[in-house]
Amino acid sequence: MVVLEAEVRDRPKSAPTERDIASRRTERKEPRSPVRWALLGVLFVVMVVPVYLLVVNAFKSQQDILDNPFSIPLSALTFEHMSAAVNSPQFNVIGGYGFTLFLVVVVNVLCILLAGPAAYAIARSLKRRTQLVLLYFLAGTFIPGAAVIIPVIYVLREVGLANTVTGLVVHDVASTLPVSIFLFVGFIRTIPVDIDHAATIDGAGRYRTFWSIIFPLMRPAVVTVLILNSIGIWNDFVSPQILLSPSSGHYTVTTAIYAGISQYSTDLTKVFPNLLLAVAPVVIFFIYMQRHIISGLTVGAVKG
């Protein structure tokens, strides 16, 4: 009897079937709270209603917008106002696309070139002063950008970069560094230090180790930083509006829309189509890339 019990105890357990896994998942599921569903419903309405109004009213006449902004008169929808917004010289949305895309590319490249090595040095150092540097960068994430815009103007004037594209690029790069370094440091710390030691034995220096070995492993974090920075730069209005005066001749998407709408604020057939043109690219970009944002933010959260 003892022998039989020992055989049963030592017998290898069979792999769980799909039915067993499904039943375990069902047992682990917590009951859905009505309060949770109510909060999700409210959040969904708050986020979807403005987008719905923007899309629907971009293809309606002025009278239809004023009479019932929530309606969808299928027979009265027209692309005339959208076409006029694209071709209108007052708004110059297409030109704004080009300049904003230029800012996105230049700021992202400079941010990666600066934040990558800085984060690597911080993550691989155990010195107290290095950790204080990290806290210094983290402090930058708690300061609103609008709160420092006036001091930035004075600084740019002193160095001769006021009302220039270079000054705006320098400001945007400095604004994106704190979050970028924070995300990079958290990810690099999950990469084993043994990889650095192996590269050192092979004769690689610190810079070559980072750019040839560590940086390719940081792809999820880099993609996340690029997405967050791109959305922030595209939606930024305060910085380009204040740091680039109308005399500079350079308009981002947001400032170009503002410059045109300020003259036609009561003409809703110009307001809604141009606003839709401004937000459509970044919304599509975010929907397509949101899985990369989530994976990039969580990939360094758990080690092992």
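Since we're looking at a predicted model, the values are computed, not measured.

**Considering a nonpolar patch on the surface**
No. 1: Judged by side-chain polarity, Leu 101, Val 105, Val 109, Leu 110, Leu 113, Leu 114, Tyr 207 and Trp 211 come together as a nonpolar surface patch covering roughly 770 Å² of accessible area.
No. 2: Counting only elements with at least two residues in the nonpolar patch, the list comes to α6 (93-124) and α11 (206-217).
No. 3: Here Leu 113 is to be found in helix α6.
No. 4: On the basis of relative accessibility, which here comes to 47%, the residue Leu 113 falls in the partly exposed class.

**Observations regarding helix α8 (residues 149-158)**
No. 1: Every buried residue belonging to α8 is among Ile 149, Val 152, Ile 153 and Leu 156, and all of these are buried. For α8, the arc enclosing every buried residue in end-on projection is 105°, short of the 170-degree limit, so these residues lie on one face. Exposed residues on α8 whose side chains face more than 90 degrees from its buried face are Tyr 154, Val 155, Arg 157 and Glu 158.
No. 2: Summarising the contacts, the buried residues of α8 are in contact with α9 (165-188) and α13 (238-243).
No. 3: Looking at the residues trailing α8, positive phi occurs at Gly 160, about 80°.

**Things to note about unusual backbone geometry**
No. 1: If you check the backbone angles, Asn 163 has positive phi at about 60° while not being a glycine.
No. 2: Tracing the backbone shows Asn 163 in the loop between α8 and α9.
No. 3: Of the residues examined, Asn 163 reaches a relative accessible area of 33% and is grouped as partly exposed.

**Here we look at the confidence of the model for the chain**
No. 1: The pLDDT averaged across the chain works out to 81; a share of 83% of its residues lies at or above 70.
No. 2: pLDDT under 50 marks residues 300-304. Its contacts with residues more than four places away, or in other chains, come to five contacts.

**Thoughts on the packing of aromatic side chains**
The geometry of an aromatic ring pair is captured by the separation of the ring centres together with the interplanar angle, meaning the angle of the planes.
No. 1: Under the criterion given, the structure shown has eight aromatic pairs.
No. 2: Judged by centre distance (4.8 Å) and plane angle (75°), the ring pair of Phe 210 and Trp 211 falls under edge-to-face.
No. 3: For Phe 210, a relative accessible area of 1% gives the class buried.
No. 4: Here Trp 211 falls in the partly exposed class, since its relative accessible area comes to 30%.

**So, the nonpolar core**
No. 1: Residues Ile 181, Phe 184, Val 185, Ile 188, Ile 214, Met 218 and Leu 243 are the most contacted members of the largest nonpolar core, which totals 37 residues.
No. 2: Elements represented by at least two residues in this core include exactly α6, α8, α9, α11 and α12 (219-235).
No. 3: Ile 181 has contacts with Ala 115, Ala 118, Ala 119, Ile 122 and Phe 137, leaving out every residue within four places of it along the chain.
No. 4: The next biggest cluster of nonpolar side chains, apart from the first, holds 22 residues, and it includes Ala 85, Val 223, Leu 276 and Met 289.

**Considering the environment of Val 165**
No. 1: Along the polypeptide, Val 165 turns up in helix α9.
No. 2: Separated by 66 residues in the primary sequence, Val 165 and Phe 99 have C-alpha atoms spaced 10.0 Å apart.
No. 3: For Val 165, the residues in contact, after removing those within four places along its chain, are Phe 99, Phe 102, Leu 244 and His 250.

Rules used in this analysis
Residues numbered from 1 in each chain as written. Predicted model: local features only at pLDDT ≥ 70, side-chain atom pairs only at ≥ 80, totals over all residues. Heavy atoms only, no water. Patch = residues over 30% accessible without salt bridge, like charges linked within 9 Å, V, L, I, M, F, W, Y side chains within 5 Å. Areas by Shrake-Rupley, 256 points an atom, 1.4 Å probe, with all protein chains shown as cover. Salt bridge = Lys/Arg side-chain N within 4 Å of Asp/Glu carboxyl O. Helix = DSSP H or I, 4+ residues; strand = E, 2+ residues; numbered from the N terminus. Buried < 20%, exposed > 50% of the residue type's maximum accessible area, 1.4 Å probe, protein only. Arc of directions from axis to C-beta. Contact = heavy atoms within 4.5 Å. pLDDT = per-residue confidence, 0-100. Phe/Tyr/Trp six-rings, centres within 6.5 Å; stacked < 30°, edge-to-face > 60°. Core = buried A, V, L, I, M, F, W, Y, C linked by side-chain atoms within 4.5 Å.

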